[in-house]
Amino acid sequence: MRTIITDFESHREAIERVREAVFVVEQCIDRDEEFDDRDPLCTHVVVFQGPSEIATGRLDIELDGKLGRVAVLKEHRRQGAGELVVRSLEQWARQAGQQRVWFHAQIAALPFYEKLGYQAYGDEFLEANIPHIKMQRKLDTGR
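Here the structure is a predicted model, which is why all the values come from computation and not from measurement.

(A) Molecular detail of the environment of Y121. Looking at the element boundaries, Y121 is found in strand β6 (residues 119-127). Put simply, Y121 and I133 are twelve residues apart on the chain and 7.0 Å apart in space, counted from C-alpha to C-alpha. Residue contacts for Y121: discarding those within four places in its chain leaves R100, W102, I133, K134, M135 and Q136.

(B) Local environment of the pattern of salt bridges. Taken as a whole and judged by the stated rule, the model has 19 salt bridges. The shortest N-O distance in the salt bridge between R31 and E20 comes to 2.7 Å. Of the two residues, R31 is situated in helix α2 (residues 31-34) and E20 in helix α1 (residues 12-26); the sequence distance between them amounts to eleven residues. With a shortest N-O distance of 3.2 Å, E34 and R69 are connected by a salt bridge. With E34 in helix α2 and R69 in strand β4 (residues 66-72), the pair connects residues that are 35 residues apart, well separated along the chain.

(C) Spatial organisation of the packing of aromatic side chains. Taken as a whole and assessed by the stated rule, the structure comprises four aromatic pairs. Judged by centre distance (4.5 Å) and plane angle (50°), the ring pair of F103 and Y113 falls under tilted. Of this pair, F103 sits in strand β5 (residues 100-106) while Y113 sits in helix α4 (residues 110-115), and the two are ten residues apart along the sequence. We note that F103, like Y113, is buried. Where F103 meets Y118, the ring centres are 5.0 Å apart and the plane angle is 65°; that geometry is what we call edge-to-face. Of this pair, F103 sits in strand β5 while Y118 sits in the loop between α4 and β6, and the two are 15 residues apart along the sequence. Accessibility assignment for this pair places F103 and Y118 in one class, buried. Ring pairing ties together the aromatic residues F103, F112, Y113 and Y118, which thus form one cluster. When the ring centre of F48 is taken as reference, the NZ or CZ atom of R2 above it lies at 4.5 Å.

(D) Inspection of α1 at higher detail. The end-to-end C-alpha separation of α1 is 20 Å, in line with the 21 Å expected for 15 residues at 1.5 Å each. Its axis deflected by about 40° at E20, α1 carries its strongest bend there. Among the residues making up α1, those that are buried are A14, I15, E16, V18, R19, V22, F23 and V24. Tucked inside the fold, the buried residues of α1 contact α2, β2 (43-49), β3 (52-60), β4 and β5. Looking at the residues trailing α1, positive phi occurs at C28, about 60°.

Rules of the game
- Residues numbered from 1 in each chain as written.
- Predicted model: local features only at pLDDT ≥ 70, side-chain atom pairs only at ≥ 80, totals over all residues.
- Heavy atoms only, no water.
- Helix = DSSP H or I, 4+ residues; strand = E, 2+ residues; numbered from the N terminus.
- Contact = heavy atoms within 4.5 Å.
- Salt bridge = Lys/Arg side-chain N within 4 Å of Asp/Glu carboxyl O.
- Phe/Tyr/Trp six-rings, centres within 6.5 Å; stacked < 30°, edge-to-face > 60°.
- Buried < 20%, exposed > 50% of the residue type's maximum accessible area, 1.4 Å probe, protein only.
- Lys NZ or Arg CZ within 6 Å of the ring centre and 35° of its normal.
- Expected span 1.5 Å × (residues − 1).
- Bend = angle between axes of the 7 residues up to and from the residue.

Bear in mind that shape data such as this cannot, by itself, settle questions of function.
What follows is the structure in structure tokens.
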């Protein structure tokens, strides 16, 4: 697996293919809700296996280090691609001076994020008709 850090337009097709498969088709999220006006403002990571994109995610520095849209194609889950997405975005956040990253996690993904050192906070809420909770992790900036 290899990762690239990119902007949205440079790898739009790859990002959209993964998110379309995971969020729109698999989870039935409305496409207009999935692809929003924050995409062009975020830093994105795309994970490739061979020539094919298999995972993606984004980091929104303007929203205080908000991770989002972490998606791994179903047939590539539990092989390290999701962790690679998250760790790549964390590294980018560190380089941007962020002291923490946070996001809205789907409740079903809670064990995955807890394994990566994230802590849930606040109350459960619905987003795109899916139960979520806020999670965060402080970043070691090495200072």
